[in-house]
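If you want the building blocks of each chain, they are given just below.
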Amino acid sequence: MEYFLQQLINGITLGSIYGLIAIGYTMVYGIIGMINFAHGEIFMIGSFIALTAFLALAALGITFLPLVLLIILIVAMVFTALWGWSIERVAYRPLRGSFRLAPLITAIGMSIFLQNFVQVTQGARVKPLPPQVTGGITLIDQGGTVVQISYMQLIIIATTTVLMIGFSFLISRTSLGRQQRACEQDQKMASLLGVNVDRTISLTFVMGACLAAVAGLMYLLYYGVIDFYIGFLAGVKAFTAAVLGGIGSLPGAMLGGLAIGLIETFWSGYFSVEYKDVAAFSILVIVLIFMPSGLLGRPEVEKV
Amino acid sequence: MSAITSGISQTPEGAERELENQRDAARGEPPYTPAPSADSRLAASLKDAAMTAAVVAVLTVFFFAFRTDIAVGGLNLTFRWPLWLSWVAIAFAGRFLISYFLFRAPERAVAGVSKSTSVRPAKRFSAGKIFGIVMLLAALALPFILNTLLPSHNRYLLDLAILILTYVMLGWGLNIVVGLAGLLDLGYVAFYAVGAYSFALLAQNFELGFWVCLPMAGFFAAMWGIVLGFPVLRLRGDYLAIVTLAFGEIIRVVLLNWTDFTGGPNGLLGIPKPTLFGLEFKSGAGSFAEATGIPYSPIQRFIFLYYIILALALLTNFITLRLRKLPIGRAWEALREDEIACRSLGINTTNVKLSAFATGAMFGGFAGSFFATRQGFISPESFTFIESAIILAIVVLGGLGSQVGVVIASVVMIGGIELLRNLGFLHALGFDPTEYRMLIFGLAMIAIMVWKPRGLVSSRSPSAIYKEKKKIGADLVAQGEGH
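Residues numbered from 1 in each chain as written. Chains lettered and ligands numbered in written order. Predicted model: local features only at pLDDT ≥ 70, side-chain atom pairs only at ≥ 80, totals over all residues.

Colleague: What am I meant to see in the overall build of chain B here?
Modeller: Along chain B, the regular secondary structure elements total 20 helices and 5 strands. Looking at chain B as a whole, 38% of its 483 residues are labelled buried. For chain B, the proportion of contacts with a sequence separation of at least 24, taken over those separated by at least 6, is 73%. (Helix = DSSP H or I, 4+ residues; strand = E, 2+ residues; numbered from the N terminus. Buried ≥ 20, exposed ≤ 12 C-beta atoms within 10 Å, placed from the backbone. Contact = placed C-beta atoms within 7 Å.)

Colleague: How should the pairing of strand S2 (residues 74-79) of chain B be read in this particular structure?
Modeller: All names here are of chain B. With 0 of its 6 residues buried, S2 lies for the most part at the surface. Across 6 bridges, strand S1 (residues 66-71) lies against S2 in antiparallel orientation. Along S2, the bridge assignment pairs threonine 68 with leucine 77. From the end of S1 to the start of S2, which pair antiparallel, there are 2 residues, and glycine 73 there has a positive phi angle of about 75°. (Pairing = 2+ DSSP bridges.)

Colleague: Help me understand the domain arrangement of chain B in this model?
Modeller: If you check the domain split of chain B, you get domain 1 (1-34), domain 2 (36-104) and domain 3 (129-390). Computed from C-alpha coordinates alone, the two centres of domain 2 of chain B and domain 3 of chain B are separated by 43 Å. (Domains from an automatic or database assignment.)

Colleague: Please clarify how the environment of Leu42(B) should be interpreted in this entry.
Modeller: All names here are of chain B. Considering the arrangement of structural elements, one finds leucine 42 in helix H3 (residues 38-65). Owing to 13 C-beta atoms within 10 Å, leucine 42 belongs among the partly exposed residues under this scheme. When the C-alpha positions of leucine 42 and proline 265 are compared, they lie 58 Å apart, and in sequence the two are 223 residues distant.

Colleague: Looking at this structure, I do not really get the interface of chain B and chain A. What am I missing?
Modeller: Buried accessible area, meaning the area lost when the parts come together, often serves as the stated size of an interface. If you look at the interface, chain B gives 49 residues, while chain A gives 56 residues. Among the elements of the structure, H3, S1, S2, helix H10 (237-257), helix H17 (385-398) and helix H20 (437-451) of chain B are those that each provide at least two residues to the side of chain B that touches chain A. Among the residues making up the side of chain B that touches chain A, the classes are represented as 36 nonpolar, 6 polar and 7 charged. (Nonpolar A, V, L, I, M, F, W, Y, C, P; charged D, E, K, R; others polar.)

Colleague: Any chance you could explain the packing of helix H18 (residues 403-420) of chain B against H20(B) here in plain terms?
Modeller: The relative placement of two packed helices is expressed as an angle between their axes plus a distance between the axes. Residue and element names in this part refer to chain B. Where H18 contacts H20, the two axes come as close as 10 Å, and the packing angle between them is 145°. Considering only the axes of H18 and H20, their crossing is right-handed. Within the contact between the two elements, H18 uses Met413, Ile417 and Leu420 and H20 uses Arg437, Ile440, Phe441 and Ala444. When grouped by side-chain class, the residues that make up the contact of H18 with H20 number 6 nonpolar, no polar and 1 charged. (Axes fitted to C-alpha atoms, helices over the stretch in contact; angles between N-to-C directions. Left-handed = near helix turned anticlockwise from the far one by under 90°.)

Colleague: Mind showing me how you'd approach the nonpolar core here?
Modeller: Here is a general trend for soluble globular proteins: nonpolar side chains tend to be buried in one another's company. Of all hydrophobic cores here, the largest spans 215 residues; its most connected members are Ile309(B) and Ala393(B). The biggest single contributor to this core is helix H7 (residues 154-180) of chain B, with 16 residues. (Core = buried A, V, L, I, M, F, W, Y, C linked by C-beta atoms within 7 Å.)

Here you go:
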């Protein structure tokens, strides 16, 4: 039971990170119907920016931890958002209205480019960062078996919850959210009604990149080691999460992220670490076979 | 300006200008064209360039200006301001040159779009057909051409040609699934891996040779195609893409971890070389050299491998072209265009999709077993997602459904990138091309796609024709929609 609880906490933490990345996939898919394959790379870039900013702050002599974390969070979000905006501008906007596979190919090309760009400029070796936030709260302590939630896990879960609430508010209550939902339903009609479609799509990428940057920072602080290749697997898992939850649905992305995180953690905890990816992907396949539009997705009825 | 060229004006100003032009023409004066003033263009270009430089500066500051390295006691931060500033300057200069000298005539783009969709009758011997025949002859004669022209680089270039042909074959195989049947498959490398591992395991455990294993590898891959294809048949578009990607990863992870059976990360060694009617390409008894009396040379093995992959690739092409004329091929293309219409007409979409998956997988399996015999060693490292992405990129960049396009894209992408490795003068400039190989590959993918979204070969000849054969623009064909 204690072991189960501990795995549950670990799984929710991992799932939160996946969920944050998955939102970027699901939003972009919802609005322009393309798989943004470079999104995992945006996550990786976010964590590299956070790491470099952290070291730069340390070089400047700023060491008060809450302040440092706040600054690198903002820096990572702003700079990664610009990356998201530029990628959309360079690789996807020229192909809008083209056939469906064209932006997918540029997205894969962008993903290859970004991975190698980071590898060339920052080196291929892993970048370890010693744990910054240490300690935790012991929930259960019975003769040897300890269930603990670390402060870092608390920060991750709390940040994700706050971001999710803020985000749901943004989508459902603000005019930007209304514009996004309008573009999702019918871009031509939205533009006729005075919605700046290009701007809305750009902002969608910016928002997705911001959330990916938060995920990148959390990943860096939680695992303490990053390299230029982390974006691929995290991206594929997050996309799996988005599809599992029903692509295009925001709560679905979060739910899917949690599901993938829990499956992976429990599988590694109870069975084998080697096959945790196989477990996550197999669950995806099984869910999709029985519910082809994901957990919370609306079934798409194709009409003639 | 558009009012002058098109003769129809949409705006009041345009109509006025048109009237003025008519008046001018009546007086025998040339029509008025507003010349863009050089000053305003210069200012606009400078503004563009400054914007680009600013964006590049912000984007790259954390990657060029800072560098983290592992040092004693943690990470060490080094500063590289000159590198960063020089890249910002390059961005400024590049953008300025492009907007000042290249983007002068915005109307040209509009004319280009309308041209590409035009329908024109195909000549009896189309340029594509002649090009294909010339390429085929060149491919057949290639080993001899290389032998006469470049004997010193013979082996390297032949090896490169084998690599390119492997990708051509994989591209043609994937073209059946994506280009003809319109099913987006992101895990094609799984079948490549199945083919390679089937051959390697059969050869090691049962001592079978290449020619016995080749059809078996194709058969196993086709079976896997059916097994993997079956659950995904109900899925649409991107769900199909992600599930095939997941299958590709699952197969790779299993190969990596099932150490007893597949050798795990160490892979499988000592895979036999192909033989010509039982004759091996080596010196000594039972060899090709002994039986034919031709003195042994290591290049013979490469020439033999080259002809095997050429034959396999041409077989793929031939079968694809013939299948397009059979009911099953017609059904694939119909499925790509409209699945609902297919079902209404009584086509069993399940069988049609499965057959496309299986056929594509079979050719992937053939290519895989060829890869195994060429390398003599396989490991899961060779079957990562990036391979699937490269094969899909070749198919899409070449122009989906176009057979010649796949060849051109393979030569450009694989050959071009490989040749980059050998540009010695770049080393002299302190620039190591091998390090930037994949970087340039990614950039090339983006550039080609933005330049020609429909692929390099962007016209199609329809499989079914009524009276007259016509070429049609690629944008009139539904492609890779992934129904």
